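Single-letter residue listing:
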Amino acid sequence: MQFSTIRIALDAVADYWTALIFRELFMGAEQWSELEAALEVPPSTLNKRLKELVALGCLERRAAPGRKESRYVLTEMGRDLFPFQMAAREWQLTWDRRPGVFVTPWVHQCGAPLRCSSLCSQCHQLIENGDVRLEESSVVLVPYQAPPPRHRRGAGATARDARAKSSSYPKVMAVIGNRRSSMVMSAILRGQVRFDEIVRQTGLPTATVSEQLKQLQLSNLVHSRLYQRRPDRYEYQASEAGIDLVGLALQLISWANRWLADRGAGATRAIHTDCGRAMHSRLVCSTCREAVTLDTCHLDSLGATARTSA
Ligand SMILES: [Zn+2]
Ligand SMILES: [Zn+2]
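I will try to describe carefully the structure that is included in this document. In this text the structure is predicted, and so the values were computed from the model without any measurement.

If you trace the three strands from one edge of the open sheet to the other, you get β5-β8-β9, paired in antiparallel fashion. Lying at the two open borders of the sheet, with one neighbouring strand each, are β5 (132–136) and β9 (277–279). Geometrically, the sheet is characterised by an average inter-axis angle of 40° between neighbouring strands, direction not taken into account. In the sheet, strand β8 (residues 268–272) pairs with β9 via three bridges, with the strands oriented antiparallel. Directly across from alanine 270, in β9, lies its bridge partner methionine 279. Set on the sheet, helix α13 (residues 246–259) makes contact with β5, β8 and β9; between it and β5 the angle comes to about 40°.

Below, the structure written as C-alpha cells:
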C-alpha cells in the first residue's frame, strides 16, 4: 500500500491548529504555556498536536533545566516547513487583503518586508501562475481512511467553527487548515476536473467531496462548468486564486520529497512547463531573489507589537 508523499504531507500539516502552532513556533514560541496563551487552543488539542509533530520528526521535546515545563524545539525537518508557511502567507497577502486579518510581519535579511516568489531549480527562472504540471509516480490509490476524529464536538470544535466564520479568519486556512479540502483542491490542481475523478483520486466518500467542492466554490477557489445535461454533470476548475495555490503545493512537495521519500511513498513530481523539466521549487525573496528560510528572515518588531488579532 503506497501513498504519495504529498498525501502524507497533507495528512500531517493540513490542519487548522497545526498551521497555527507552526506560525507561533516560527515566531519564537517554545513553551507549552506560550503556545496555549497565544492560540487559545484547548489544552488536550495542543497536547495531541505537539505529540503528533514530535512523532513525525518536526519537533523535539526537551526538558528545561530547573523548570517544570519542557521546551518544544523545531528540528531541521520542522524548520524546513518555513518556506511552505511563507508560501501560504504570500497567497494570503495576494488574495485576501481584508483589514483585520493577521499576517505575521516577516522581514527578509535584505531589509525588505517579506514577499516571496517560486524559482525553478532547473532553469532558475521565476515560476509564473499555471506554469506547473503536477504528476504522481508509482502511486497505488487506496480508499482514504479517515484518521481518528481530531475534534470532538466540544469546546475545541466550537472555537474553531467560530473562528472560521469570523471575518479575521485568514482565507488560506480554508485550504491549509482542512485536510479534506486540501486533498480535493490538490486533485483539481493535478488535473482531475470531473467529480468521479476527484472521488477516485482522493479516495474520499462522495458526500465529503460534494461538501468540500461546495466550500471551495464559496471561497472562490474553484468554479464549476456544466458539461453534460440530463443527467447534469459538472466539471471543476481552479479559479485564478485557486491556481495560485500551486505556489504552496510546490513548497509542500519539495518538503515532502526531502523528508518523507523514505517512508514508502511515491513521489509527486512538479514539471515546470516553461523549461519542460522536473524541478524542485525554491522559495526566494521577491526583492533580492535570495532564499527564504527561517535563518534568512526575522520578525518586524514594530509590526509584531502591533499585532491584534489571530
Ligand atoms: Zn524551469
Ligand atoms: Zn530579500
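Turning to the packing of helix α6 (residues 82–95) against α13, a few remarks are in order. For the pair α6 and α13, the least separation of the axes is 8 Å and the interaxial angle reads 180°. Of the possible angle classes, the one that applies to α6 and α13 is roughly antiparallel. Contacts between α6 and α13 pair Pro83, Phe84, Ala87, Ala88 and Trp91 from the former with Gly247, Leu248, Gln251 and Leu252 from the latter.

Take the environment of glutamate 90 next. Along the chain, the position of glutamate 90 falls in helix α6. The exposure class assigned to glutamate 90 is buried, which follows from its relative accessible area of 13%. When the C-alpha atoms of glutamate 90 and cysteine 116 are compared, they prove to be 6.2 Å apart, with 26 residues separating the residues in sequence. Beyond its immediate sequence surroundings of up to four residues, glutamate 90 is in contact with Leu114, Arg115 and Cys116.

Once that is clear, we can look at the coordination of the zinc ion (ligand 1). For the zinc ion (ligand 1), the protein coordination sphere consists of Cys120 (SG), Cys123 (SG), His272 (ND1) and Cys275 (SG), at 2.0 to 2.3 Å. Each donor residue of the zinc ion (ligand 1) lies on the same chain, and together they follow the pattern C-x2-C-x148-H-x2-C. Taken together, the positions of cysteine 123 in the loop between β4 (116–120) and β5 and cysteine 275 in the loop between β8 and β9 put the pair 152 residues apart, joining distant regions of the chain. Judged by relative accessible area, cysteine 275 falls into the partly exposed class, the value being 25%.

Rules and cut-offs
- Residues numbered from 1 in each chain as written.
- Chains lettered and ligands numbered in written order.
- Predicted model: local features only at pLDDT ≥ 70, side-chain atom pairs only at ≥ 80, totals over all residues.
- Heavy atoms only, no water.
- Pairing = 2+ DSSP bridges.
- Helix = DSSP H or I, 4+ residues; strand = E, 2+ residues; numbered from the N terminus.
- Axes fitted to C-alpha atoms, helices over the stretch in contact; angles between N-to-C directions.
- Contact = heavy atoms within 4.5 Å.
- Parallel < 35°, antiparallel > 145°, perpendicular 65-115°, else oblique.
- Buried < 20%, exposed > 50% of the residue type's maximum accessible area, 1.4 Å probe, protein only.
- Donors = N, O, S within 2.8 Å, 3.2 Å for Na, K, Ca; no water.

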